[in-house]
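Descriptive analysis of the structure
Here's the letter readout for the chains.
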Amino acid sequence: MPDYRGHLLPVYVLADESYSMAPYVGELNSGMVSLHEALRSEPMVAAKVRLSVLGFSDRVAVRMALADLRSEEELPLLHTGGSTNYQAAFEDLMTRIPRDIATLKASGYQVHRPAVFFLSDGQPDNKKWRKSHGRLTDRSVTPAAPNIIACGVGDVQAETILQ
């Protein structure tokens, strides 16, 4: 039987950084500070979570690659600019998540199904994102399909976030 180092939960914060998020970016950054403090105050939880912070607008920007929060002094700041491209965000996760899981497993960890916290205020710039989202969440296509927790910010249309 293999000698495992333990179980980890990869968590991705996928935050909309489009122009429309400018009124909310300060609150999101404050929320990131609170999240970091809360996780670091719970050593058992912090030991089991690996966190990545990704911003998206026209493309995805890695603000923090998957990391052990116990060794991170602070979380990165989010920025704004560009349009709201859900498709780019979901396509990025389709390659990022399997790669990250393979790296964790190669280091001897067992890995829980990833969680993605998707934060957006805007309508996507096109409807092509639904196909990418469907492929990302279909376990027959993406075996490490994440659980996605979508959170609307500001005046977002609830129907879009529910989809």
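Above this note sits the structure.
This text gives an overview of the structure that appears in the document. Just so it is clear, the model here is predicted, and its values are computed rather than measured.

**Description of the environment of Pro98**
Residue placement: Pro98 occurs in helix α3 (residues 86-106). Sequence separation of Pro98 and Thr142 is 44 residues, and the distance between their C-alpha atoms is 7.9 Å.

**Regarding the packing of aromatic side chains**
Evaluated as defined, the whole model comprises seven aromatic pairs. Taking 5.3 Å as the distance between ring centres and 75° as the angle between the ring planes, the aromatic pair formed by Tyr86 and Trp129 counts as edge-to-face. With Tyr86 in helix α3 and Trp129 in helix α4 (residues 129-137), this residue pair connects regions lying 43 residues apart in the sequence. Residue Tyr86 is classed as buried on the basis of its relative accessible area, which comes to 2%. For Trp129, a relative accessible area of 3% translates into the label buried. Taken together, the aromatic side chains of Phe56, Tyr86, Phe90, Phe118 and Trp129 make up a single cluster linked through ring pairs.

**A word on the pattern of salt bridges**
Under the definition given, this model contains four salt bridges. Among the salt bridges present, the one from Glu17 reaches Arg63, with a minimum N-O distance of 2.8 Å. Separated by 46 residues along the polypeptide, Glu17 in the loop between β1 (6-16) and α1 (25-40) and Arg63 in strand β3 (residues 60-68) bring together distant segments of the chain. Of the residues examined, Arg63 reaches a relative accessible area of 29% and is grouped as partly exposed. The shortest N-O distance in the salt bridge between Arg50 and Asp68 comes to 3.4 Å. Of this pair, Arg50 sits in strand β2 (residues 49-56) while Asp68 sits in strand β3, placing them 18 residues apart in sequence.

How each quantity is defined
- Residues numbered from 1 in each chain as written.
- Predicted model: local features only at pLDDT ≥ 70, side-chain atom pairs only at ≥ 80, totals over all residues.
- Heavy atoms only, no water.
- Helix = DSSP H or I, 4+ residues; strand = E, 2+ residues; numbered from the N terminus.
- Phe/Tyr/Trp six-rings, centres within 6.5 Å; stacked < 30°, edge-to-face > 60°.
- Buried < 20%, exposed > 50% of the residue type's maximum accessible area, 1.4 Å probe, protein only.
- Salt bridge = Lys/Arg side-chain N within 4 Å of Asp/Glu carboxyl O.

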